[in-house]
Amino acid sequence: MGRLMLKNKEGDELEVTFCRYREGDERGMIDCIRDEYGNTYFKREFYVPEYIKRKAEEGTITFLTARTQDDEIAGMMILKQFYPEESMCEIASQIFRKRYRGYGIAMPFFEYGMEILRSRSYTAAFCLPVLFHTVTQRLLYRIGLRAAGLVLNVFDLDRVIHSYDNGRNRKHSQGVQVCALGKTDAGILYMPARHRDFCGKIYRSLGVKFQIAEPKENTAEMSDGQERDSGENALGVFPGYTDMTYKNDDLQANLEIRIHRVGQDLPARMRQLHSRFPLRGKQTAGIFLNCNDPGAIRSCELLEEMGYFFTGLKPLCSQREYLILHHPGEVEIYFDDYQATEEFQRLIQYIEKEYQKRRK
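Source: prediction; values computed, not measured.

Trainee: Even after reading the chapter, I still don't get the packing of helix α3 (residues 106–118) against helix α4 (residues 135–142), so can you show me in this structure?
Mentor: The description of two packed helices rests on the angle between their axes and on the distance between the axes. Interhelical geometry of α3 versus α4 gives an angle of 50° and a closest axis separation of 10 Å. One finds that α3 runs oblique with respect to α4. Crossing handedness for the pair α3 and α4: right-handed. From α3, Ala106, Met107 and Phe110 reach across to α4, where they touch Thr136, Leu139, Leu140 and Arg142. When the residues that make up the contact of α3 with α4 are grouped by side-chain class, the tally is five nonpolar, one polar and one charged.

What follows is the structure, encoded as structure tokens:
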């Protein structure tokens, strides 16, 4: 528990106490969500008091509150873990009631959450900051999180209402921000040649060990020195079956695919998914591709031929490292309309070039 006395620009004082969830806090936290999002917050389960209570009891989500001297919940935040699939902790859902904005609550609240997070055994601290304001990006940079990628077109903006400006984009995108904790070695990374320098800079910014496979390992040569085919047969030297999972959010028209190990059937599996979830209207797809797998280089080329493009990294979040790719379908992306810090702007400029290459 931490108590602070804060002031806004007008000199009004506010006493705030940070503490962990107590039974009975559910309504106050839901009021914070409704004040900003109405009934449109994408984490629909957070409107259900019983869900909050159950997740708090299970320990899979740590709910944190910022309380006023009158014991009103002025803001909420969560720390979410993903065991056994992933081993990081996500800093998420920091939401304040509008009348308590301007007092500078966000930064000390993040520091309070980070203190709890660091006391546990996670590989990394992780966040998906919004791209319709820069507050989260800036404050998390100050406590050590670094920009690593973008997860594009996740939420349908006809279904998510908030008090900020989205610009011309029809779907809401997120950044990827990471700080290394328990995982300090990313292992051998298999990257397409043109992304080696860019990805190397990201891993160096995270202060971890890594090794990007040498150029000879990135060539199209088989063990007998013969070139691999550039088409689907390019995966002929890999296992027959692709280890992958997927989930589609029908409400938000967003397909998320995770490719843990590349197999020869990857092109066929992808065609099946595209047939089941056609990339029309607002339907989009994102891929997390394990780049500790030597098959990542060839599969990245094939996925680009299918219309995907590189959007960065999701590093240090599990035993595997992931490249991120995105297929926008029919959704136009207006990168200029994202609100981003200088660090994220550099990343966005690189990714926008990939997007423009895809369109040519």
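Trainee: Would you take a moment to explain the packing of aromatic side chains for this structure?
Mentor: When we look at a pair of aromatic rings, we describe it by the centre distance and by the angle of the planes. Counted according to the given criterion, the structure contains 20 aromatic pairs. Taking 4.7 Å as the distance between ring centres and 45° as the angle between the ring planes, the aromatic pair formed by Tyr37 and Tyr41 counts as tilted. A network of ring pairs unites the aromatic residues Tyr21, Tyr37, Tyr41, Phe42, Phe46, Tyr51, Phe63 and Phe155 as a single cluster. Seen from the ring of Tyr141, Arg146 lies directly overhead, with NZ or CZ sitting 3.8 Å from the centre. Its guanidinium or amino end placed over the ring of Phe288, Arg258 lies 4.9 Å from that ring's centre, counting from NZ or CZ.

Trainee: Would you mind showing me how to read the packing of helix α1 (residues 26–37) against helix α2 (residues 49–58) here?
Mentor: Relative orientation of the contacting elements α1 and α2 amounts to 115°, with a least axis distance of 9 Å. In the packing of α1 onto α2, the handedness of the crossing is right-handed. Of the residues in α2, those touching α1 at Glu26, Arg27, Met29 and Ile30 are Pro49, Ile52 and Lys53. Per-class residue counts for the contact of α1 with α2 are four nonpolar, no polar and three charged.

Trainee: Before we go on, may I ask you to explain the state of the cysteines in this structure?
Mentor: What makes a disulfide is a covalent bond joining the sulfur atoms belonging to two cysteines. Inspection of the entire model under this criterion finds zero disulfides. Unpaired in this structure, Cys19 has its nearest cysteine sulfur neighbour in Cys32, at a distance of 12 Å. For Cys19, a relative accessible area of 4% puts it in the buried group. With no disulfide partner, Cys291 has as its closest neighbouring cysteine sulfur the one in Cys199, 7.1 Å distant. Take Cys291: its relative accessible area is 0%, and that puts it in the buried class.

Reading the values: the criteria
Residues numbered from 1 in each chain as written. Predicted model: local features only at pLDDT ≥ 70, side-chain atom pairs only at ≥ 80, totals over all residues. Heavy atoms only, no water. Axes fitted to C-alpha atoms, helices over the stretch in contact; angles between N-to-C directions. Helix = DSSP H or I, 4+ residues; strand = E, 2+ residues; numbered from the N terminus. Parallel < 35°, antiparallel > 145°, perpendicular 65-115°, else oblique. Left-handed = near helix turned anticlockwise from the far one by under 90°. Contact = heavy atoms within 4.5 Å. Nonpolar A, V, L, I, M, F, W, Y, C, P; charged D, E, K, R; others polar. Phe/Tyr/Trp six-rings, centres within 6.5 Å; stacked < 30°, edge-to-face > 60°. Lys NZ or Arg CZ within 6 Å of the ring centre and 35° of its normal. Disulfide = S-S within 2.5 Å. Buried < 20%, exposed > 50% of the residue type's maximum accessible area, 1.4 Å probe, protein only.

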